[in-house]
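Single-letter residue listing:
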Amino acid sequence: MSLFKQIALIMSLFLLLVLITVISFNFQSAKAYAQEEMANNAQNTATYLSLSLASAKGNSAQMKTMIDAIYDSGYFQEITLLDTEGVRIHQRQKEHEASAVPEWFLSLYHMDAPLAKATVSSGWSPIGTIQVTPIQENAHLQLYTNFKDLLQSFVLISLISFSALFLLLRWILSSLQRVTQQAEAVIDNTFIINDKIPKTTEFKDVTLAMNKMVRKVKEIFEKEAESVQDYHKLLFTDELTGLGNKNFFERKLNDLLSSQEADSHGIILTLYLEGLVEANKSIGHEKVNALILELSSIIKNACDQESQTIISRIDGTKIAIIIPAAKDEELDELTDSILSLSLVSLEKASLLDAECAIKLIRFGYSPENSVSELYQKIQKDLLIAQKNALSDFSEENPKDESITREVLEHRINENSIALALQNVYDTNSDILHSEAYVRLFDEERNIHEAGSFIPLVHKMKLDTRLDQNVINYALKEENLNSRELAFNLSLRFLEDEKCTQWLKERLAGVPGRKFNFEISNHSLLSSLNEALSLSNVLREAGHHFGIDRFSIEEETNLNYLQMLKPHYLKIDGSYLLDLLQGEKGQTNHALQILIESLDIKIIATNLEDQDVKEKLEKIGIRYFQGSLLAEPKLV
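Residues numbered from 1 in each chain as written. Predicted model: local features only at pLDDT ≥ 70, side-chain atom pairs only at ≥ 80, totals over all residues. Heavy atoms only, no water.

K.L.:
Tell me about the overall build of the protein, and please be specific about residues and values.
P.N.:
Scanning the protein for helices and strands turns up 22 helices and 19 strands. Computed over the C-alpha atoms, the radius of gyration of the protein is 48 Å, more than 25% above the 26 Å expected from 2.2 N^0.38 for a compact globule of 635 residues. Over its C-alpha atoms, taken along the principal directions, the protein stretches across nearly 165 × 65 × 45 Å. The long-range share in the protein, meaning contacts at least 24 apart out of those at least 6 apart in sequence, stands at 70%. About 33,200 Å² of surface is accessible on the protein, with carbon and sulfur atoms providing 51% of the total. Each charge class in the protein can be summarised by its mean position, and for the 62 positive and 90 negative side chains these summaries are 4 Å apart. (Helix = DSSP H or I, 4+ residues; strand = E, 2+ residues; numbered from the N terminus. Rg over C-alpha atoms; globule rule 2.2 N^0.38 Å. Contact = heavy atoms within 4.5 Å. Areas by Shrake-Rupley, 256 points an atom, 1.4 Å probe, with all protein chains shown as cover. Lys, Arg positive; Asp, Glu negative; His and termini not counted. Charge placed at Lys NZ, Arg CZ, Asp CG, Glu CD.)

K.L.:
Quick rundown of the pairing of strand 15 (residues 544-548)? Include the residues and the values.
P.N.:
Along any regular strand the residues' side chains alternate between the sheet's two faces. Of all five residues in strand 15, five are buried; the element is thus mostly enclosed. Bridge count for strand 14 (residues 515-520) against strand 15 is five bridges, and the pairing is parallel. By the bridge assignment for strand 15, Ser-520 is matched with Asp-548. Relative to strand 16 (residues 568-572), strand 15 runs parallel, the two sharing two bridges. (Buried < 20%, exposed > 50% of the residue type's maximum accessible area, 1.4 Å probe, protein only. Pairing = 2+ DSSP bridges.)

K.L.:
Break down the sheet that holds strand 7 (residues 318-324) for me, citing the residues and quoting the values.
P.N.:
Taking strand neighbours across the sheet as the criterion, the five strands line up as 6-7-5-8-9 in an open arrangement whose pairing is mixed. The open sheet has two edge strands with one neighbour each: strand 6 (310-315) and strand 9 (389-392). Each strand axis lies, on average, 20° off the axis of its neighbour in the sheet, ignoring direction. Sheet analysis places strand 8 (residues 357-365) next to strand 9, joined by four bridges and oriented parallel. Bridge pairing in strand 9 links Leu-360 to Leu-390. (Axes fitted to C-alpha atoms, helices over the stretch in contact; angles between N-to-C directions.)

K.L.:
Which residues make up the packing of aromatic side chains, and what values go with them?
P.N.:
Enumeration according to the criterion identifies twelve aromatic pairs in this entry. Taking the centre distance of 5.5 Å and the plane angle of 70° together, the rings of Phe-105 and Tyr-109 count as edge-to-face. Residue classification places Tyr-109 among the buried residues on the basis of a relative accessible area of 11%. With 6.4 Å between their ring centres and 50° between their planes, Phe-515 and Phe-517 make a pair best called tilted. For Phe-515, a relative accessible area of 0% corresponds to the buried category. Owing to a relative accessible area of 1%, Phe-517 belongs among the buried residues under this scheme. Ring-pair connections join several aromatic residues into one group, and the members of that group are Trp-104, Phe-105, Tyr-109, Tyr-144 and Phe-147. Just above the ring of Tyr-375 sits the side chain of Lys-246; from NZ or CZ to the centre is 5.3 Å. One Lys or Arg, Lys-377, reaches over the ring of Phe-363 and ends 5.4 Å from the middle of that ring. (Phe/Tyr/Trp six-rings, centres within 6.5 Å; stacked < 30°, edge-to-face > 60°. Lys NZ or Arg CZ within 6 Å of the ring centre and 35° of its normal.)

K.L.:
Report on the sheet that holds strand 1 (residues 76-83), specifying residues and quantitative values.
P.N.:
With antiparallel pairing, the four strands of this open sheet are ordered in space as 2-1-4-3. For this open sheet the edge positions go to strand 2 (88-93) and strand 3 (116-122), each flanked by a neighbour on one side alone. On average, each strand axis in the sheet is inclined to that of its neighbour by 15°, with strand direction left out of account. Pairing of strand 3 with strand 4 (residues 125-134) involves seven bridges; the strand directions are antiparallel. In the sheet register, Lys-117 faces strand 4, and the bridge partner there is Gln-131. Along the sheet, helix 2 (residues 60-71) contacts strand 1, strand 2 and strand 4; its crossing angle with strand 1, the most-contacted strand, is approximately 165°.

K.L.:
Report on a nonpolar patch on the surface, specifying residues and quantitative values.
P.N.:
Together, Leu-9, Leu-13, Leu-16 and Ile-20 line one region of the surface with nonpolar side chains, adding up to about 380 Å² of accessible area. Here Leu-9 is to be found in helix 1 (residues 3-54). (Patch = residues over 30% accessible without salt bridge, like charges linked within 9 Å, V, L, I, M, F, W, Y side chains within 5 Å. Salt bridge = Lys/Arg side-chain N within 4 Å of Asp/Glu carboxyl O.)

K.L.:
An account of helix 2 is needed here, citing residue identities and associated values.
P.N.:
Across its twelve residues, helix 2 extends 16 Å between first and last C-alpha, which sits within 8% of the 16 Å expected from 1.5 Å per residue. Buried within helix 2 we find Met-63, Ile-67 and Tyr-71. Angularly, the buried residues of helix 2 cover 75° about the axis, an arc narrow enough to put them on a single face. Opposite the packed face of helix 2, turned more than 90 degrees from it, sit the exposed residues Ala-61, Thr-65 and Ala-69. (Expected span 1.5 Å × (residues − 1). Arc of directions from axis to C-beta.)

K.L.:
For the packing of helix 5 (residues 201-236) against helix 6 (residues 246-257), give the residues involved together with the corresponding values.
P.N.:
Where helix 5 contacts helix 6, the two axes come as close as 7 Å, and the packing angle between them is 100°. Here helix 6 runs roughly perpendicular to helix 5, going by the angle between their axes. In this structure, helix 5 uses His-232, Leu-235 and Phe-236 to contact helix 6, whose residues at the interface are Asn-247, Phe-248 and Arg-251. When its residues are assigned to classes, the contact of helix 5 with helix 6 shows three nonpolar, two polar and one charged. (Parallel < 35°, antiparallel > 145°, perpendicular 65-115°, else oblique. Nonpolar A, V, L, I, M, F, W, Y, C, P; charged D, E, K, R; others polar.)

Structural data, given as structure tokens:
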């Protein structure tokens, strides 16, 4: 029961007690007064009649006339004249009539009818006795009227009191409602500081204490988030340049190669500073470091306009740049700018004419490659690359370029779509959900994996069409009805408000089923408001929103997780292990604590190594996905 109801109940009982007490005392007093008044009136009337009857000097007719005149006034129940022997000379008496006062009220009390007597004399000789009994109806009516007036007054007072009490309590208890909102917000890791401090001492103390607690919890949360980012920086950032290090490059490249999106294809640029040992001897270590810093700055500034660019210093002489979903011919201006500005920096450091040189190589990557193969390609291409020039080792795929939009649109219709499902398991080997990967049939009914056609789908801006057809296909297939599926949505789908509305309407047609929809971390960060809208739509419809390929971004605050409240995060298993366990085996639970405090599940993906899985299980990770457990299987 709420505090308001409790106070209202106590107030009601108090007013009821006061009402009963006041009415009881008032009624008893009124009753005694009415009884006394009737007795006085009856006695006065008897005395008056005795004096009047004395003047009749024993004349019976005259005395009857006098008695009848008084009786006819209507205030008396009975008037009787008795002689000295007690024999009735004359009597007037009313028959009992129905009372205007309710029976239930009359049953609450008893009132005796007073009998007034007076001696009638003729001179000094007694003639008889006059007896007068008044009518009680008037007294009953007066008592009943007083009772109703008192009851109405109390009802009015009660209404006014409860109205005032409601407004007062609503004003006083509003501070408790705000405290409740603060507490509920803390559960969701949202921190609200109450600026409206109540005047009531007790509520003021509670509000101030709650504000203090919220600030403390917020500080702990922010420290954990800061700790996660600091640890990520320690593991994956080059100390000199602030760029990603070799470990960062490998993790990001492996993430891209395993992607089912357009960024599974792209271009890698590598800038190599040749003759660094000689440069250290000729201009000194500090100036060489300054040169490397300047080169890294040139590259960062040049890549500002490129989407999802990943820049890493993979060793002391090489800076690698990954540009996902890019084509070779699209980067001529970028590479020319990087090369020319780098040569200017080399000349300013008086190294251009020495044994130092800049080599810039460019080649493509695709899911068919591995990280080790790409490392070997970097080393091989640098050996044959020209000094102070761009050496292009990219290989175009003429087959993709020959595919028209019409052909591709025909291929991505629902009749040419297939789905390969890969299960996500928990530590008990129970299935959490199955992620659906799209496959396409060609004219010969051969199956093509996403990596072979997604870049072309992205280039031709057919992403949303493919996403919609995949969802429609999954909803229509009866053999998928018992599966909880997860779909990865494209950035274009996320940014299109019509697609979000379409998804809402489409899901409304399949009540009782539950789906998961994922957005890659990078796509989400580039369209945070749209992601929030999609997350809210899915939550209201009873479905789940997840973040795929989650990673810590250097300049991004992790508070966006509080706002989105995703159901789960999918994180590359090796990358996750690096974040949770250092090189010497020490554990760092900051990320795990931060994510799980938001009631977000952590799913380790791309698992291929049993040792990695066992280490993650030991740390406390409960959900896993990867070829180690199950390969994607056509359904």
